[in-house]
Amino acid sequence: MTSATHPTDRPEDHAPVDPAATDAPHRTSETAMERLTSIRGTIDNIDAALIHLLAERFKATQRVGKLKAENDLPPSDPEREKAQIQRLRSLAEAAHLDPEFAEKFLTFIISEVIRHHEAISEDHQRGHDA
Ligand SMILES: C=C(O[C@@H]1C=C(C(=O)O)C=C[C@H]1O)C(=O)O
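Residues numbered from 1 in each chain as written. Predicted model: local features only at pLDDT ≥ 70, side-chain atom pairs only at ≥ 80, totals over all residues. Heavy atoms only, no water.

For the protein, the name recorded in an unreviewed UniProt entry is Chorismate mutase domain-containing protein, with Kocuria varians as its organism.

Following this line, the structure appears as structure tokens:
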């Protein structure tokens, strides 16, 4: 590979998000506690972003759950899940994240989504039976 434009070789796939994550020489005047506090600030921001992203994802999957219930579609779609797992595993590899962890994380989220879809479907059925 000669160029840096290959999808798995972009600089953003490798650059640390947090400049404080490196041991750059200009940071040596800081105490260890100052560095810890600074890095923890970054961790807190990332955790907040994860919560907001998950909230948006669940809003979208709730819409899918309603659509499926109204159209008699099953709560889960194993083929779609297989494709998502493959995609996230390769994104994880490119980002130097453990693909096993990425798969477990996605599987955990999807299992919660399916639980919601089953509940939406049962509610929908009950509404029609009443
Ligand atoms: C959201 C859907 O429903 C389920 C949940 C999925 C998910 O959380 O990504 C994927 C597939 C389905 O098992 C869907 O079918 O797209």
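1. Remarks on the pattern of salt bridges
Under the defined criterion, the tally for this structure stands at 7 salt bridges. The residue Lys59 makes a salt bridge to Glu56 at a minimum N-O spacing of 2.8 Å. Highlighted residues: Lys59 and Glu56, both in helix α1 (residues 32-70), separated by 3 residues, approximately one helical turn. For Lys59, a relative accessible area of 47% corresponds to the partly exposed category. Taking relative accessible area as the criterion, Glu56 reaches 47% and is therefore assigned partly exposed. Here Arg115 ties to Glu112 by a salt bridge, and the two come within 2.7 Å at their closest N and O atoms. With Arg115 and Glu112 both in helix α3 (residues 99-129) and 3 residues apart, this pair spans about one turn of that helix. By relative accessible area, which is 49% here, Arg115 ends up partly exposed. (Salt bridge = Lys/Arg side-chain N within 4 Å of Asp/Glu carboxyl O. Helix = DSSP H or I, 4+ residues; strand = E, 2+ residues; numbered from the N terminus. Buried < 20%, exposed > 50% of the residue type's maximum accessible area, 1.4 Å probe, protein only.)

2. A look at the site of the ligand
The environment of the ligand is made up of 14 residues, and the closest members are Arg57, Lys68, Asp77, Glu81 and Gln84. In the model, an oxygen atom of the ligand is placed 2.7 Å from a nitrogen or oxygen of the Lys68 side chain. Interatomic distance of 2.8 Å between a side-chain N/O atom of Gln84 and an oxygen atom of the ligand. Among the elements of the structure, α1, α2 (78-94) and α3 are those that each provide at least two residues to the shell around the ligand. Considered class by class, the residues forming the shell around the ligand number 5 nonpolar, 4 polar and 5 charged. (Near = heavy atom within 4 Å. Polar contact = N/O pair within 3.5 Å; in protein donor to acceptor, adjacent residues only side chain to side chain. Nonpolar A, V, L, I, M, F, W, Y, C, P; charged D, E, K, R; others polar.)

3. Considerations on the packing of aromatic side chains
Enumeration over the complete set of coordinates arrives at 1 aromatic pair. Plain terms: the ring middles of Phe101 and Phe105 are 6.0 Å apart, the flat faces sit at 15° to each other, and that makes the pair stacked. One end of the pair, Phe101, and the other, Phe105, are both in helix α3, 4 residues apart, so they sit about a helical turn from each other. Using a relative accessible area of 44% as the deciding quantity, one classes Phe101 as partly exposed. For Phe105, a relative accessible area of 39% puts it in the partly exposed group. (Phe/Tyr/Trp six-rings, centres within 6.5 Å; stacked < 30°, edge-to-face > 60°.)

4. Observations regarding the confidence of the model for the protein
Summarising the model, the protein shows a mean pLDDT of 87, and 78% of its residues fall at 70 or more. Within the model, the stretch residues 1-7 combines pLDDT values under 50 with 6 contacts to residues more than four positions away or in other chains. (pLDDT = per-residue confidence, 0-100. Contact = heavy atoms within 4.5 Å.)

5. Concerning the side chain of His117
By the secondary structure assignment, His117 is in helix α3. In terms of polar contacts, His117 uses its side chain to reach the backbone carbonyl oxygen of Pro75, at 3.1 Å. In this structure His117 touches Thr61, Val64, Gly65, Lys68 and Pro75, once residues within four positions along its chain are discounted.

6. A closer look at a nonpolar patch on the surface
Nonpolar side chains collect at one region of the surface, where Ile46, Leu50 and Leu53 lie side by side and expose about 280 Å² of accessible area between them. You can see Leu53 is positioned in helix α1. Using a relative accessible area of 59% as the deciding quantity, one classes Leu53 as exposed. (Patch = residues over 30% accessible without salt bridge, like charges linked within 9 Å, V, L, I, M, F, W, Y side chains within 5 Å. Areas by Shrake-Rupley, 256 points an atom, 1.4 Å probe, with all protein chains shown as cover.)

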